Amino acid sequence: MDPNRVDTPLKNKIIGVLRDMPILPLLIISFVLAACFVPHFFTLYNLKNYLLQSADLLIISCGLTFVVLNGGIDFSVTSVMALGSVVGAYIMALSPLAATPAVSIPVAILVMMGIGVLVGFVNGLSVVKLKMPSFVATLATQLIVLGLAVQFASTVSGTSSISGLPEAFFILGGEGKFFLVPVVIAFSMWLFSHWLLTRTLFGKRVYAVGVNPLTSFISGIPVKKTILTLMVISGLFAGVACVIATARNQVGMSSLGDKMFLTTIASVIVGGTSTAGGFGGVNKTLLGVLFITLLNNAMNLLGVGWYIIMITLGGLIIASAMTSYLLNRQRGNNA
Amino acid sequence: MTTLSDPLLKISQVRKSFTGVQVLHGLNFDLKRGEVLGLVGENGAGKSTLMNIVGGVLPMDSGTMELAGESYLPLSPLCATERGVAFVHQELNLFTNLSVAENLFIDGFPKNRFGAIDRKEISRRTRECIDQFSLPVEPDTEIEALSAGIRQMVEIAKGLLKNARIMIFDEPTTSLSKREKEDLFKNIEDLRAKGISIIYISHILEDVFRVCDRITVLRDGRIIETKATSKFSEKELIKCMVGREMTQVFPTIQKEIGKTVLLEAKNVSSGSRVKGISLQLIEGEIVGMYGLMGAGRTDLAQVMFGVEPMEEGEIVIHSCPHKRLNPRMCINEGMAFITEDRRQEGLLMTKPVGENLGLVKLPHLLNRFGVVKSEELDRENRKAIEDLRIKVTDYQHQLANTLSGGNQQKIVFGKWVMNRPKIFILDEPTRGVDVGAKFEIYSIIANLAKQGSAVLLISSEIEELIGTCDRIMVMRNGRIVGQSLKAEFDQEKILEMALQGES
């Protein structure tokens, strides 16, 4: 098959989009099916809920996409959410600052994001300086940071959660009429990531390093700095997701990210970013997030338990990996 | 009926080509029983290809082979081993993380009656083997702990254990000490005394003269001469190895060599492959670098471009001395490095041509927000494609790996030329490139020099260097052992320096 054959432009465009994002038709079909057959799905209340559920997942998945584009993985993101959540809640509810929300809220937000940056930086250093695979480095920080979160919560409050957060903070979680706030934040961060990856020098470098670090190094790309930066971005985004998720739950808890890692990695992979590095992007991750959240939401409404959802997600990851393998093989045959 | 005087291995009309390039042109070749046959030739003469065919690593395109009078057509290395052909590779073929015993039996562990590996039996037979060949090891010593020479002995023992009738040695002495080398030669003597035939491939003519009974010279995939060792003089052998007709055409581009030294290496050392190298690259000059495999040319290039660290010495670029370099500094100083392995080091094979072309220049095509100015990038891309005549229909979508070798190499040139560097280090720039594209690449190189760039051209083809360079330096064992100016270029002299220059 000749990859350069001339077809009608529209047909070509559709084929191009389908090849690039096979998840798109699946998302549309699932949405229509859910709207028709799942009770209470197509209600204003639930659609609001759907968007809110997508918001923090989108942020954390965008961050992870940067790492996966480099052929790496970041296991620590959900732990960052846990630690950020309890430390942020402590600042807003229990610390001496708690009396003045006008101070405690911004401080808490900065600290939550700061925790993400710090963990990302440690991950990045382990990968770049100690030459650890990101798999190992972030698995270690995942355990350490989660342990810290649980320990911190039980030390300051005696339980695993901290409540009594200031009302104003809940705006960030989409409380009441502010429901668009987290959605707008998530969308802005997604847009920013997309811009970063497709338009800037940094983005071009992420893809180049993801495909071939040696070629990149010889071409003068600061490979280590690039990898370090994207690990930090992943941490930072997890910190922001933590702010929104904590505000939505209205409580700081060390179990915040518990079930999120699976949905996050599923969003990135099912969206179509290759785990081998260098191919994909946050545009795909957006679709992945919308699809996975849809699935979660619909199955919840149908009363399907979490373990069944887990099985489904696992199956989807395999299915999408297979699809991308088959598409790649076809690409290879064309070559 | 076969008799003792018949050749053990008889190769007739063996042909082989890779991606349309004929590498072996119908070879005929005999190996007698109990003889040591030397196989010599320049890099790329076809020695390794021939031996890989004999060893079952590569299939031949046409021709026949007979082993002890029977048809021999090995489909795999295992197949060759079973027929008694053992290959002692240049990079030894042992598992360094396993023990001597495990390595000896790796392709067929003896089993006990429950189907499990019979460790007692392995240990017993390994012990036997160790005694028989008086190896200074224990059965459970890990290979990692052994020196190169002893590893080689283990590999030889492994071959004999499989009842080898023919042993092929490919550059066996490169990683050996002087004493280990003597031991190896003694082992070869013993093998010959046992009636085993040996094919000995080496660049080190001294060794070839010492151990071989006969010598076969290979050049450009053809056998040039086979004679008893005593009938060859070293001079004559070298003459056979080169003696190539200058049939290839090179572009004639008038250019002038300037006065300014753009780059100077002063006593640069790194590892065991780069020892005290000093050289100068002058504007408008194309300097050739010849050397045999493993002479350290690529290592030197990597050190000069900051890919590998410099341990001693300094490199002066545009009169600014550097003790430590990295590729980014070199690029900022106006250098370019076309690597030997364009697939692994030069290109993003699975990415479109456009993305590859922009790799180096990109930091200079940004607006003040760090955003890539795509129109300007497109303009640069189109200019490079036009200037270098890269054959690509849709550079924004067509992947680099869909292009021919020549066009791929032109993308690598394009990526560098776009940044307008003044100093070029080219490591085998025409490897895997067809003849037509070669001519174009020579033209590109000559034009770069004409525009005042300094070029260091590393190549294994003497002919190519003579055709394009103003001066040729020769490396051997990590040192520069000689230099030859354009007026006095002589293939034999250059090869002689590469083979036996004082180092």
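Residues numbered from 1 in each chain as written. Chains lettered and ligands numbered in written order. Predicted model: local features only at pLDDT ≥ 70, side-chain atom pairs only at ≥ 80, totals over all residues.

Here we take up the overall build of chain B. Each helix and strand in chain B was counted, giving 17 helices and 20 strands. Projecting the C-alpha coordinates of chain B onto the three principal axes gives extents of approximately 75 × 55 × 45 Å. Within chain B, the proportion of its 503 residues that are buried is 45%. Taking as baseline every contact in chain B between residues at least 6 positions apart, the subset at least 24 positions apart corresponds to 69%. (Helix = DSSP H or I, 4+ residues; strand = E, 2+ residues; numbered from the N terminus. Buried ≥ 20, exposed ≤ 12 C-beta atoms within 10 Å, placed from the backbone. Contact = placed C-beta atoms within 7 Å.)

A few words now on the packing of helix α8 (residues 201-211) of chain A against helix α10 (residues 223-249) of chain A. Two packed helices can be described by the angle between their axes and the distance between those axes. All names here are of chain A. Two numbers describe how α8 lies on α10: the axes approach to 10 Å, and their chain directions differ by 105 degrees. Considering their axes alone, α8 and α10 lie roughly perpendicular with respect to each other. Counting all contacts with α8, which are made through Phe202, Arg205, Val206 and Val209, the residues of α10 involved are Val223, Thr226, Ile227, Thr229 and Leu230. Residue composition of the contact of α8 with α10, by class: 6 nonpolar, 2 polar and 1 charged. (Axes fitted to C-alpha atoms, helices over the stretch in contact; angles between N-to-C directions. Parallel < 35°, antiparallel > 145°, perpendicular 65-115°, else oblique. Nonpolar A, V, L, I, M, F, W, Y, C, P; charged D, E, K, R; others polar.)

Right, let's get into the pairing of strand β18 (residues 454-458) of chain B. Residue and element names in this part refer to chain B. Extensive coverage of β18 is indicated by the burial of 5 of its 5 residues. Looking at chain direction, strand β13 (residues 286-291) and β18 are connected through 4 bridges and run parallel. Opposite Met289, over in β18, you have Ile458 as the bridge partner. As paired elements, strand β17 (residues 423-427) and β18 share 5 bridges and run parallel to each other. Looking at β18, one finds that Leu426 is bridged to Leu457. Running through helix α15 (residues 435-450), the crossover from β17 to the neighbouring parallel element β18 is right-handed. (Pairing = 2+ DSSP bridges. Right-handed = clockwise from strand over helix to strand, strands pointing away.)

Residues and elements named next belong to chain B. Pairing in this open sheet of 6 strands is mixed, and the strands run β6-β7-β8-β3-β9-β10 from one edge to the other. Edge positions in the open sheet fall to β6 (85-88) and β10 (222-228), since each of these has one partner strand only. Ignoring strand direction, the axes of neighbouring strands in this sheet form an average angle of 20 degrees. Direction of pairing for strand β3 (residues 36-40) relative to strand β9 (residues 214-219): parallel, over a ladder of 4 bridges.

This part takes up the environment of Met304 of chain B. Residues and elements named next belong to chain B. Within the secondary structure layout, Met304 lies in helix α9 (residues 297-304). Classification of Met304 as buried rests on a count of 27 C-beta atoms within 10 Å. Each C-alpha atom of the pair Met304 and Ile166 lies 43 Å from the other, and the pair is 138 residues apart in sequence. When neighbours within four sequence positions are excluded, Met304 is seen to be in contact with Ala265, Ile315 and Ile425.

A few words now on the interface of chain A and chain B. On the side of chain B, 27 residues touch chain A, which itself brings 17 residues to the contact. Of all elements in the fold, only α8 and α9 (213-218) of chain A reach the threshold of two or more residues within the side of chain A that touches chain B. Considering each element in turn, the side of chain A that touches chain B owes the most residues, 5 residues, to α8 of chain A. When its residues are assigned to classes, the side of chain A that touches chain B shows 9 nonpolar, 6 polar and 2 charged.

What follows covers the nonpolar core. Formed by 238 residues in total, the largest nonpolar core has its most connected members in Ile59 of chain A together with Tyr200, Val455 and Leu457 of chain B. With 16 residues, the top contributor of residues to this core is α10 of chain A. Two domains each provide a minimum of three residues to this core, namely domain 1 (9-241) and domain 2 (261-500) of chain B. Setting aside its immediate chain neighbours within four residues, Val455 of chain B contacts Ile286, Val287, Phe424, Leu426, Ile445, Leu448 and Ala449 of chain B. (Core = buried A, V, L, I, M, F, W, Y, C linked by C-beta atoms within 7 Å. Domains from an automatic or database assignment.)

For helix α3 (residues 44-69) of chain A, which comprises 26 residues, the first-to-last C-alpha distance of 36 Å matches the rise-based estimate of 38 Å (1.5 Å per residue) to within 8%. Its maximal kink placed at Ala55 of chain A, α3 of chain A deviates by approximately 25 degrees. (Expected span 1.5 Å × (residues − 1). Bend = angle between axes of the 7 residues up to and from the residue.)

This part takes up the sheet that holds strand β2 (residues 21-31) of chain B. Residues and elements named next belong to chain B. With antiparallel pairing, the 4 strands of this open sheet are ordered in space as β2-β1-β4-β5. Edge positions in the open sheet fall to β2 and β5 (70-71), since each of these has one partner strand only. With 2 bridges connecting them, strand β4 (residues 62-67) and β5 associate as antiparallel partners. Residue pairing in the sheet places Leu67 in a bridge with Glu70 of β5. The strands touched by helix α1 (residues 47-54) within the sheet are β1 (9-18) and β2, with β2 carrying the most contacts at an inclination of about 65 degrees.

Turning next to the pairing of strand β14 (residues 312-317) of chain B. Residues and elements named next belong to chain B. Where strand β11 (residues 261-270) and β14 come together, 5 bridges link them in antiparallel fashion. By the bridge assignment, Lys266 is partnered in β14 with Glu314. When β14 meets strand β15 (residues 320-322), the two strands line up antiparallel, connected through 3 bridges. Looking at β15, one finds that Val316 is bridged to Pro321. Between the antiparallel neighbours β14 and β15 lie 2 residues, among them His318 with a positive phi of about 45 degrees.

Before going further, it helps to spend a moment on the domain arrangement of chain B. All names here are of chain B. Domains assigned within chain B are domain 1 (9-241) and domain 2 (261-500). In this structure, domain 1 and domain 2 have C-alpha centres spaced 36 Å apart. Counting residues at the interface gives 8 residues for domain 1 and 9 residues for domain 2. Considering each element in turn, the side of domain 1 that touches domain 2 owes the most residues, 3 residues, to helix α8 (residues 234-241). A breakdown of the residues in the side of domain 1 that touches domain 2 according to their chemical character gives 3 nonpolar, 4 polar and 1 charged.

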